[in-house]
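Close look at the chain arrangement
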Amino acid sequence: MTYVEDELNSQPECWIRAADEATAHAAALPAPGERVAIVGCGTSFFMAQAAAALRERSGQGETDAFAASEFPAGRSYDRVVALTRSGTTTEVLELLGRLRGQTRTTAVTADPDTPVMKSADDVVVLGFADERSVVQTRFATTALTLLRAHLGLHREAVVADAHTALDTPLPQGLVDCTQFTFLGRGWTVGLANEAALKMREASLAWTEAYPAMEYRHGPISVTTRGTATWMLGEAPEGLAEQVRGTGGLWVDGGLDPLAELVRAQRLAVAVAAARGLDPDRPRHLTRSVILDGRTG
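Residues numbered from 1 in each chain as written. Predicted model: local features only at pLDDT ≥ 70, side-chain atom pairs only at ≥ 80, totals over all residues. Heavy atoms only, no water.

**What about the packing of aromatic side chains?**
The condition is simple: Pairs were defined over the aromatic rings of Phe, Tyr and Trp, the Trp ring being its six-membered one, requiring ring centres within 6.5 Å. Orientation was assigned from the angle between planes: stacked under 30 degrees, edge-to-face over 60, tilted for the rest. Using a 1.4 Å probe on the protein chains alone, a residue whose accessible area is under 20% of its type maximum counts as buried, one over 50% counts as exposed, and one in between counts as partly exposed. Each helix is a run of DSSP H or I of at least 4 residues and each strand a run of E of at least 2, with the numbering of both proceeding from the N terminus.
The final tally for this structure, using the stated rule, is 5 aromatic pairs. The interplanar angle of 80° and the centroid separation of 5.7 Å between the aromatic rings of Phe66 and Phe71 together place this pair among those described as edge-to-face. Residue classification places Phe71 among the buried residues on the basis of a relative accessible area of 10%. Seen from their ring centres, Phe66 and Tyr77 are 6.5 Å apart, and the 70° between their planes marks the pair as edge-to-face. Pair noted here: Phe66 is in strand S2 (residues 63–67) and Tyr77 is in the loop between S2 and strand S3 (79–84), with a separation of 11 residues, a long-range link.

Right under this line is the structure:
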């Protein structure tokens, strides 16, 4: 079993622990009414998108999400939350350094022995969700679970759905598809982006992601026999029928969207295996992006 497989299989237990610990970390996480930005790079950026949409939709306060490298200079926030598994990513450390003394910052990380521990005002360490793999799975979903629980949105049903996602066979013919599109709405747009990234990283697959209502505005043109379109969350009315009408495979996300992401992670590993690839050694990637001379 690869590191990725072992780590993605452990997600239900990690989610339970993160939800249990959310109250203990409450002081380090955004308070209701704060104006907040959540930042990250790669997978962490997509989790930031999901968390920001959840927080704002729940009425906790205006919340934006940015890639750490694209944080808008001069914009005022009460708190900036940085998601960083490694705690060493250059763009995150540089941003935290610029914000020091101006905006309160929180880092959510997996490694307590990294520079981010001294770069942020508050730190939440999810060491039990750390990973050996380059391709992120459990840290990302555990960090999002922590934030969902902090917002009062975590439910035991998501853990049951995660077990279902791990135990149920993937739809027949899905692994053989030549192109994959993931769709989301609201907070699940970030999850769709992350599902597509997992496919690209682990299996070098042709993969795209869109807000579901935008899919009709051009992207559906690539859908045909041998392609797959996977909805994370509730689909817009009539979209499934449109996709099936093209000859493409429609995958209906009936589980909690975070559990659907686990299924997409499994698909990435399965496609990698079918193509003779090692998901623990993704092409051109390292566990953390550290830019020479700019480690902050």
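**Observations regarding unusual backbone geometry**
Phi is positive for Leu204, which is not a glycine, with a value near 55°. Along the chain, the position of Leu204 falls in the loop between helix H8 (188–203) and strand S7 (206–211). With a relative accessible area of 36%, Leu204 lands in the partly exposed category.

**A word on the nonpolar core**
Basically, it comes down to this: Here the nonpolar core consists of buried residues drawn from Ala, Val, Leu, Ile, Met, Phe, Trp, Tyr and Cys, with membership extended through side-chain atoms lying within 4.5 Å. The criterion used for residue contact is that any of the two residues' heavy atoms lie within 4.5 Å.
Residues Val108, Leu126, Leu144, Phe180, Phe182, Leu191 and Leu267 are the most contacted members of the largest nonpolar core, which totals 67 residues. No other element matches the 9 residues that helix H10 (residues 257–274) contributes to this core. With sequence-adjacent residues up to four places away left out, Val108 is seen in contact with Val81, Ala82, Leu83, Thr84, Val124, Leu126, Phe139, Ala143 and Leu146. One finds Ala68, Phe71, Leu93 and Leu95 within the second-largest nonpolar core, a separate group that totals 16 residues.

**What about empty space enclosed by the protein?**
Convention followed: Here a cavity denotes a set of grid points, spaced 1 Å apart and computed over the protein atoms alone, in which a 1.4 Å probe fits but from which it cannot get out, and a pocket denotes an open set meeting protein on both sides within 12 Å along at least five of seven lines; residues with an atom within 4 Å of a point are reported as lining. Grid points are joined across faces, edges and corners, and a volume is the space filled by probe spheres set on the points. Ten residue types, Ala, Val, Leu, Ile, Met, Phe, Trp, Tyr, Cys and Pro, are classed as nonpolar, four, Asp, Glu, Lys and Arg, as charged, and the remainder, Gly among them, as polar.
In total, this model carries 1 cavity of 30 Å³ or more according to the counting rule given. Here the largest cavity is characterised by a volume of approximately 60 Å³. Lining the largest cavity, in full, are Pro30, Ile38, Ala51, Arg55, Leu147, His150 and Leu151. When contributions to the lining of the largest cavity are tallied by element, the ones reaching two or more residues are helix H3 (43–57) and helix H6 (138–150). Residue classes in the lining of the largest cavity are distributed as 5 nonpolar, 1 polar and 1 charged.

**Focus on the pattern of salt bridges**
The condition that has to hold: Just to be clear on terms, a salt bridge is a Lys or Arg side-chain nitrogen sitting within 4 Å of an Asp or Glu carboxyl oxygen.
Applying the stated criterion across every chain, the model contains 12 salt bridges. Of the charged contacts in the structure, one is a salt bridge between Glu62 and Arg35, with a shortest N-O distance of 3.1 Å. Separated by 27 residues along the polypeptide, Glu62 in the loop between H3 and S2 and Arg35 in the loop between helix H2 (11–21) and strand S1 (36–40) bring together distant segments of the chain. Between Arg79 and Asp122 there is a salt bridge, with its nearest N and O atoms 3.1 Å apart. Pair noted here: Arg79 is in strand S3 and Asp122 is in strand S5 (residues 122–125), with a separation of 43 residues, a long-range link. Taken individually, Arg79 and Asp122 each receive the classification buried, so the pair is uniform in this respect. Via salt bridges that share partners, Glu34, Arg79, Arg104 and Asp122 belong to a single interconnected network.

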